[in-house]
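As a plain string of letters, each chain reads:
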Amino acid sequence: MFNIVHTAEIGYITQDRQLIEDIFNAFAFTEEEQENLNEQLIIYTDDGQQIPCSCSKAAYKEVGDIIPGIKAISVRNLYVPSSFKIIVRIEPNLLITGRRSIALFHCTDENKETLIDTFFLNMGDAIGYEYYDFLDLNNWLTERIDYTYNIHLGSKEAVKTFEDITKRTRKNSYNSKNLYLKEESPDNQSTASANKSSKTILYDKQEQIIDKYEGMPAEERKELIKEAEGIARFEVQCDKAKVFSIMSSTIDAKPQSRSFIDFLSESLSTYLLTQKYAELIGWGDFYSLEAAIKKIEESSLKPKMKEKLINFMRLADQSENIATLRENFIKGTVLEEYKDKNGSSITMYGSPSKYLNWTKKLISVGINAMPIARARNIEYFRNPVNPSDFNTTEE
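Small disclaimer: the values here were computed from a predicted structure and weren't measured.

Quick look at the pairing of strand E5 (residues 70–77)
Now for step 1: With respect to burial, E5 is a largely interior element, 7 of its 8 residues being buried.
Now for step 2: Looking at chain direction, strand E4 (residues 59–62) and E5 are connected through 4 bridges and run antiparallel. Paired with Ala59 across the two strands is Val75, which belongs to E5.
Now for step 3: Pairing between E5 and strand E6 (residues 84–90): 7 bridges, direction antiparallel. Among the inter-strand pairings, Val75 is bridged to a residue of E6, identified as Ile86.

Observations concerning the environment of Ala59
Now for step 1: Along the chain, the position of Ala59 falls in strand E4.
Now for step 2: For Ala59, the contacting residues outside a window of four places in its chain are Phe24, Phe29, Glu33, Gln34, Asn36, Leu37, Ile73, Ser74 and Val75.

Quick notes on the packing of helix H13 (residues 303–318) against helix H14 (residues 322–331)
Now for step 1: Between H13 and H14, the least distance of the axes is 9 Å, while the angle of their chain directions is 125 degrees. Relative to H14, the element H13 lies oblique. The handedness of the crossing between H13 and H14 comes out as right-handed. Mapping the contact onto sequence places Phe312, Leu315 and Ala316 in H13 and Leu325, Asn328 and Phe329 in H14.
Now for step 2: For the contact of H13 with H14, the per-class residue count stands at 5 nonpolar, 1 polar and no charged.

Topic: the pattern of salt bridges
Now for step 1: For the coordinates displayed, the defined rule picks out 20 salt bridges.
Now for step 2: The residue Arg17 makes a salt bridge to Glu21 at a minimum N-O spacing of 2.9 Å. Remark: Glu21 and Arg17 occur in helix H1 (residues 17–26); sequence separation between them is 4 residues, near one turn of the helix.
Now for step 3: Taking relative accessible area as the criterion, Arg17 reaches 35% and is therefore assigned partly exposed.
Now for step 4: The partly exposed category is assigned to Glu21, whose relative accessible area is 27%.
Now for step 5: A salt bridge links Arg374 to Glu337; the nearest nitrogen and oxygen atoms lie 3.5 Å apart. Residue Arg374 is located in the loop between helix H15 (352–364) and strand E15 (380–381), and its partner Glu337 is located in strand E13 (residues 333–339); the two are separated by 37 residues in the primary sequence.
Now for step 6: Here Glu337 falls in the exposed class, since its relative accessible area comes to 51%.
Now for step 7: One network of salt bridges, with partners in common, ties together Lys85, Glu143, Lys240 and Arg258.

Brief notes about the nonpolar core
Now for step 1: Counting residues in each nonpolar core, the largest one holds 68 residues, and the members touching the most others are Ile86 and Phe134.
Now for step 2: Excluding its chain neighbours within four sequence positions, the residues that come into contact with Ile86 are Ile10, Gly11, Tyr12, Thr14, Leu19, Ile20, Ile23, Ile73, Ser74, Val75, Phe134 and Trp140.
Now for step 3: Counting residues in hydrophobic clusters, the runner-up holds 28 residues, among them Tyr287, Met313, Ala316 and Ile346.

What to know about the side chain of Asp317
Now for step 1: Along the chain, the position of Asp317 falls in helix H13.
Now for step 2: Assessed through its relative accessible area of 11%, Asp317 is described here as buried.
Now for step 3: In this structure, Asp317 is in contact with Arg168, Leu289, Pro371, Ile372 and Arg374, ignoring residues within four places of it in sequence.

Quick word on the packing of aromatic side chains
For any pair of aromatic rings, the description rests on two quantities: the centre-to-centre distance and the angle between the ring planes.
Now for step 1: A full pass over the atoms with the stated rule returns 17 aromatic pairs.
Now for step 2: With a centroid separation of 5.7 Å and 75 degrees between ring planes, the pair formed by Phe119 and Trp140 is classed as edge-to-face. Of this pair, Phe119 sits in helix H4 (residues 109–127) while Trp140 is found in the loop between helix H5 (132–135) and strand E8 (141–152), placing the two residues 21 residues apart along the sequence. The burial state of Phe119 is the same as that of Trp140; both residues are buried.
Now for step 3: Seen from their ring centres, Tyr277 and Trp283 are 5.0 Å apart, and the 25 degrees between their planes marks the pair as stacked.
Now for step 4: For Tyr277, a relative accessible area of 0% gives the class buried.
Now for step 5: Judged by relative accessible area, which is 14%, Trp283 ranks as buried.
Now for step 6: Feature note: the residues Tyr12, Phe119, Phe134 and Trp140 constitute an aromatic cluster, connected by ring pairs.
Now for step 7: One residue, Arg314, lies across the ring of Tyr338, its end atom 4.2 Å from the ring centre.
Now for step 8: Residue placement shows Arg326 over the ring face of Tyr355; its charged tip is 6.0 Å from the ring centre.

Here we look at empty space enclosed by the protein
Now for step 1: Inspection of every chain in the model, using the stated rule, returns 1 cavity of 30 Å³ or more.
Now for step 2: Of the volumes computed, that of the largest cavity is approximately 140 Å³.
Now for step 3: In terms of lining, the largest cavity is formed by 17 residues, of which the most central are His6, Glu91, Arg100, Ser101 and Ala103.
Now for step 4: Considering every element that reaches the lining of the largest cavity, the biggest residue donor is helix H3 (residues 92–97), with 3 residues.
Now for step 5: Classifying every residue of the lining of the largest cavity by side-chain character gives 9 nonpolar, 3 polar and 5 charged.

Parameters and conventions
Residues numbered from 1 in each chain as written. Predicted model: local features only at pLDDT ≥ 70, side-chain atom pairs only at ≥ 80, totals over all residues. Heavy atoms only, no water. Buried < 20%, exposed > 50% of the residue type's maximum accessible area, 1.4 Å probe, protein only. Helix = DSSP H or I, 4+ residues; strand = E, 2+ residues; numbered from the N terminus. Pairing = 2+ DSSP bridges. Contact = heavy atoms within 4.5 Å. Axes fitted to C-alpha atoms, helices over the stretch in contact; angles between N-to-C directions. Parallel < 35°, antiparallel > 145°, perpendicular 65-115°, else oblique. Left-handed = near helix turned anticlockwise from the far one by under 90°. Nonpolar A, V, L, I, M, F, W, Y, C, P; charged D, E, K, R; others polar. Salt bridge = Lys/Arg side-chain N within 4 Å of Asp/Glu carboxyl O. Core = buried A, V, L, I, M, F, W, Y, C linked by side-chain atoms within 4.5 Å. Phe/Tyr/Trp six-rings, centres within 6.5 Å; stacked < 30°, edge-to-face > 60°. Lys NZ or Arg CZ within 6 Å of the ring centre and 35° of its normal. 1 Å grid on protein atoms, 1.4 Å probe; cavity = no way out; pocket = protein on both sides within 12 Å on 5 of 7 lines; lining within 4 Å. Points joined across faces, edges and corners; volume = space filled by probe spheres on them.

Set out below in structure tokens:
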């Protein structure tokens, strides 16, 4: 298994108007598509002065039919006079293979060199080789990048079960039909976990292809649907704010620069995929309450700790999801269906650090902190991922 990238948006700033014209000609931008480039937002200060700012609109074109792997190009004015920002939406694996598949770009040095060469040749053929600086992918900055992992579950039924079971491990609910519509409108996307700078999602890859890829040639679409069967896709989408957050962080995996090539990093993808999987789904296998209690009882933990963890799992069973479990534990909650040996009510209460310690104890014996909902009628489901999966080589 690899640490991989699906899609990225990369930026290049230029003052070369001829480069812009050649891009428009090479990718057949219509006059209507170019119109937005001529608009510029003017801000008026309190004393009436005009300040030109970058326009929120851009000359935009879908170009995937011209260069597979270069999905779209946009150009916008910057507030610096006569400066333009070019943004390219790139699918690295599609660019270097020329074939759409569910395979993803592996962040190896060899593949990065291949990507740099392929970008140079394809864009050079399109607009001309005199724009050497523009053609060198090392000169492009990261605007957005999606680190992605294909989870092979074997069947569509297993993907559906995994999605259903892990709804309780997520802090937010979501509409599974909308969660992968990021390319259509970020506002339509309802994800399992999100903040202003990044989104983390889990979805059925085959279902996404069926719903979204209707414009593809029928035979190619059929092959892609078949290839995606039994695959759940786990994705960490880093917007520009997240990119800057990473650059200002102190993590060991921090890239040396905002260069797109530096963000094609095995260590960074490992760090983010591991961190977000732990937050969104968690480690340890999934058990029904009864099966979890049995496994705890059979463990080598001390009797007192066994009793505490069993009651903790009972509290988890009556909680809606992992967020409400933590909330219920910290504020103190009475177990609804259970009494102690004296017939008294049992109140589960503890500090945030105790909550964290107990969830780690459960993981140590192979149990995810959220039991399978009773309505699922499932006793056990193996967690298909463990931390080492994000940093191994393919078999």
